[in-house]
Amino acid sequence: MARILADLPDEDIKWLDALAAEQGKSRAQLLRDAVAAYRPKAGADWIARGAGYWTDRTDISDGVEYQQAMREDRMERN
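As the structure is a prediction and not an experimental result, all values here were calculated from the model. (Residues numbered from 1 in each chain as written. Predicted model: local features only at pLDDT ≥ 70, side-chain atom pairs only at ≥ 80, totals over all residues. Heavy atoms only, no water.)

A. Quick peek at the overall build of the chain. Helix and strand content of the chain: four helices and zero strands. The globule rule puts the C-alpha radius of gyration for 78 residues at 12 Å, and the 23 Å found for the chain is more than 25% above it. Expressed as lengths along the three principal axes of its C-alpha atoms, the size of the chain is roughly 60 × 25 × 25 Å. Here the chain holds 78 residues, and the buried ones make up 4% of them. When the accessible surface of the chain is totalled, it reaches about 7,600 Å², and 54% of it is carbon and sulfur. Computed over 12 positive and 15 negative side-chain charges, the separation of the two mean positions in the chain equals 8 Å. (Helix = DSSP H or I, 4+ residues; strand = E, 2+ residues; numbered from the N terminus. Rg over C-alpha atoms; globule rule 2.2 N^0.38 Å. Buried < 20%, exposed > 50% of the residue type's maximum accessible area, 1.4 Å probe, protein only. Areas by Shrake-Rupley, 256 points an atom, 1.4 Å probe, with all protein chains shown as cover. Lys, Arg positive; Asp, Glu negative; His and termini not counted. Charge placed at Lys NZ, Arg CZ, Asp CG, Glu CD.)

And the structure:
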């Protein structure tokens, strides 16, 4: 395992230390956990991750229809 040197604001260090004490972990372990949790999400395509988020919403109609209605409303106000 390699070591790294990272500069963090004092407030973040205090927060990390408090969280580490609360969870019975070291500061380094918390940072390893955070990187491990972030890593799978970092490489994923954000569009693919977001696809289908609103499929269960019944209050949202077709996206193209919504855009057209918004444009028509804007045109009527001008």
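Picking up where we left off.
B. A look at the pattern of salt bridges. Throughout the structure, instances matching the rule amount to two salt bridges. D17 is the salt-bridge partner of R27, the closest N and O atoms lying 2.8 Å from each other. Here R27 is found in helix α2 (residues 27-42), whereas its partner D17 is found in helix α1 (residues 10-23), with ten residues between them in sequence. (Salt bridge = Lys/Arg side-chain N within 4 Å of Asp/Glu carboxyl O.)

C. Spatial organisation of α1. The first and last C-alpha atoms of α1 sit 20 Å apart over 14 residues, in line with the 20 Å expected at 1.5 Å per residue. Backbone geometry just downstream of α1 places G24 in the positive-phi region, at approximately 70°. (Expected span 1.5 Å × (residues − 1).)

D. Broad picture of the layout of surface pockets. Estimated volume of the largest pocket: approximately 570 Å³. Every residue lining the largest pocket is counted, 13 residues in all, and those nearest its centre are R3, I4, L5, A28 and L31. It is α2 that provides the largest number of residues to the lining of the largest pocket, a total of five residues. Looking at side-chain class alone, the lining of the largest pocket contains ten nonpolar, no polar and three charged residues. When its volume is computed, the second largest pocket comes out at roughly 170 Å³. As for the second largest pocket, its lining consists of W54, R57, D59, I60, S61, D62, G63 and Y66. Class assignment for the residues of the lining of the second largest pocket results in three nonpolar, two polar and three charged. (1 Å grid on protein atoms, 1.4 Å probe; cavity = no way out; pocket = protein on both sides within 12 Å on 5 of 7 lines; lining within 4 Å. Points joined across faces, edges and corners; volume = space filled by probe spheres on them. Nonpolar A, V, L, I, M, F, W, Y, C, P; charged D, E, K, R; others polar.)

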